[in-house]
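# Structural overview for review
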Amino acid sequence: MGHLQNRNIIIGVTGGIAAYKIAETIRLLRKSGAAVRVIMSRGAQAFMTPLTLQSLSGNPVHTDLLDETAEMGMGHIELARWADAYLIAPATADTLARLAMGRADDLLTTTALATPAPLFVAPAMNQQMWSNTATQANMRILEERGITVLGPGHGTQACGDIGAGRLAEPEEMSAALEDFFPSRELAGKRVVITAGPTLEAIDPVRFVSNHSSGKMGFALAQAAAEAGADTVLVAGPVTLATPPNVRRVDVQSAEEMLAACLAQLATPSHLFIGSAAVADYRPVVAANQKIKKSGESLQLELVRNPDIIAAVATMSPRPVKVIGFAAETEHMVDHAQAKRKAKGLDVIVANDVSRKDIGFDSDSNAVTWIDGSGAESIPMTSKKNLARILVSRCAQLFAEGEDDDLPQTGRESGGIGH
Ligand code: PMT
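Let us look at the pattern of salt bridges. Evaluation of the coordinates by the stated rule reveals 20 salt bridges. When the shortest N-O distance is used, the salt bridge between Asp-94 and Arg-98 registers 3.2 Å. Here Asp-94 and its partner Arg-98 are both found in helix H6 (residues 93-101), 4 residues apart, which amounts to about one turn of the helix. Judged by relative accessible area, Asp-94 falls into the partly exposed class, the value being 49%. You can call Arg-98 buried: its relative accessible area is 13%. Between Arg-248 and Asp-250 there is a salt bridge, with the nearest N and O atoms lying 2.9 Å from each other. Each member of the salt-bridge network shares a partner with another, and the members are Asp-94, Arg-98, Arg-103, Asp-105 and Asp-106.

Turning next to the packing of H6 against helix H9 (residues 133-144). Following both chains from N to C, one finds H6 and H9 inclined at 45 degrees, their axes separated by 9 Å at the closest point. As the angle between them shows, H6 and H9 are arranged oblique. Here the hand of the crossing between H6 and H9 comes out left-handed. Along its contact with H6, which presents Ala-93, Leu-96, Ala-97, Leu-99 and Ala-100, the element H9 presents Thr-135, Asn-138, Met-139, Ile-141 and Leu-142. The residue makeup of the contact of H6 with H9, split by class, is 8 nonpolar, 2 polar and no charged.

With that settled, consider the pairing of strand S11 (residues 230-235). Within S11, 5 of the 6 residues are buried, which leaves it mostly tucked inside the rest of the structure. Where strand S8 (residues 190-195) and S11 come together, 6 bridges link them in parallel fashion. By the bridge assignment, Thr-194 is partnered in S11 with Val-234.

Taken together, Tyr-281, Leu-300 and Leu-302 make up a surface patch of nonpolar side chains, about 260 Å² in accessible area. Along the chain, Leu-302 falls in strand S15 (residues 302-304).

Quick notes on the rules
- Every chain is numbered independently, its residues counted from 1 as its sequence is written.
- Where totals are concerned, whole chains, interfaces and linings use all residues; where local detail is concerned, this predicted model gives features only for residues with pLDDT of at least 70, and gives and counts side-chain atom pairs only at 80 or more.
- Side-chain measures were taken over the full set of non-hydrogen atoms in the model, leaving aside hydrogen atoms and water.
- A pair is scored as a salt bridge if a Lys or Arg side-chain nitrogen falls within 4 Å of a carboxyl oxygen belonging to Asp or Glu.
- The numbering of helices and of strands both runs from the N terminus, where a helix is a DSSP run of H or I of at least 4 residues and a strand a run of E of at least 2.
- Accessible area is worked out with a 1.4 Å probe on protein chains only. A residue is then buried under 20% of its type maximum, exposed over 50%, and partly exposed in between.
- To obtain an axis, a line is fitted to C-alpha atoms, over the contacting stretch when the element is a helix, and the angle between two such axes runs from 0 to 180 degrees between their N-to-C directions.
- The cut-offs work like this: below 35 degrees is roughly parallel, past 145 is roughly antiparallel, 65 to 115 is roughly perpendicular, and the gaps in between are oblique.
- Left-handed describes a crossing in which the near helix is turned anticlockwise from the far one by less than a right angle; the clockwise case is right-handed.
- In what follows, residue pairs with any heavy atoms lying within 4.5 Å of each other are defined as contacts.
- As a working rule, the residues Ala, Val, Leu, Ile, Met, Phe, Trp, Tyr, Cys and Pro are called nonpolar, Asp, Glu, Lys and Arg charged, and the rest polar, with Gly in that last group.
- Strands are labelled as partners when DSSP assigns at least two bridges between them.
- Patches here are clusters of residues that have more than 30% relative accessible area and form no salt bridge, with a 9 Å joining cutoff for like charges and a 5 Å cutoff for nonpolar side chains (Val, Leu, Ile, Met, Phe, Trp, Tyr).
- Note on areas: Shrake-Rupley, 1.4 Å probe, and residue coverage restricted to the protein chains presented here.

This is how it looks when you write it as structure tokens:
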């Protein structure tokens, strides 16, 4: 997903036999697009040469706090400010103790105090040292400060013991940093997302609606904003907090949602995602006063609501990509594919809403991504994580397509983005 592209990572290496794993960790981080600078403690240099890690990181290795030459280049404070993340691996028991105490008696610990970047530690030591109450107390202190602990793993150790204390694998450390940073795959893109139910008034106190909580759509808005998109969220009536860096427009009914979407899309947009559960019908008239109880039955006449996403997909100029959701209870893929075609959508995300553990109002979801070339299942995961996966897939549509230029308002957009 490219979350590490152009991120600055410092790796602090301390003295342990597991230091050899850092070579591979640096290689993985650089492969993912990160810039890496290495700090080595004196102990670490007994296990690996700075020259090795300099070659792998492509940058001079920092070893001394009081190094005049290094301070003339990138000084320790500048180094601390440069970092987007600081990973200390392997972190020995002594290093963890010194971090817990807030010591600053070498470059590695000073940088830990001086950096505003998030700190990750990957402990590695003999299993007895790891389980010692002193080490465990230090770990509690570090975790209470919000430091992320990676590992340690369990298994056979260099000393022959078996237990917990093995350094996390390079792939785990690289993945943890990758997961920590949101991707910027939608930087420079404008995205409009609908979420939640619509509420169709019967009278001032009653309405027609559905079970949508808005969680899926809000998670999508959060993921899009984290991916760098200029994100607008058109939300039906829900009780969720607006995600950071998202502009929210609140609406009640389908007609209001349509008007809000068209107003937002008057500014040409790259992506429209319709995850809202729009009521297909509304009462023909919403009574001005509360309808009085009379008789054994009440006839409510409903009229079809406008189809918001179909209107968006056929507007001119049209958002470059239009993605719908399909809530289905049977023949999910066939019904969703038919909806995709009928509404003129690039992709439809099919959701089995007959299940209680996914779909409406749950924190998790499992969906099927359906485009012109077929259907692909995305297994159950949290809505937040699913949103990141879906947003990344949407970004791939732009990466693959040559048609991500925005149409101009007032210009005929024929041929753009289908
Ligand atoms: O909000 P949550 O509790 O998190 O639940 C998430 C969800 C189940 C609501 C979501 O994942 C989902 O499936 N959303 C689509 C719900 C829906 O209305 O599906 P549909 O098959 O009826 O509609 C197909 C598409 O047309 C959807 O993109 C819908 O937004 C759109 N539509 C439908 C009717 C209408 N009048 N206008 C529309 O734009």
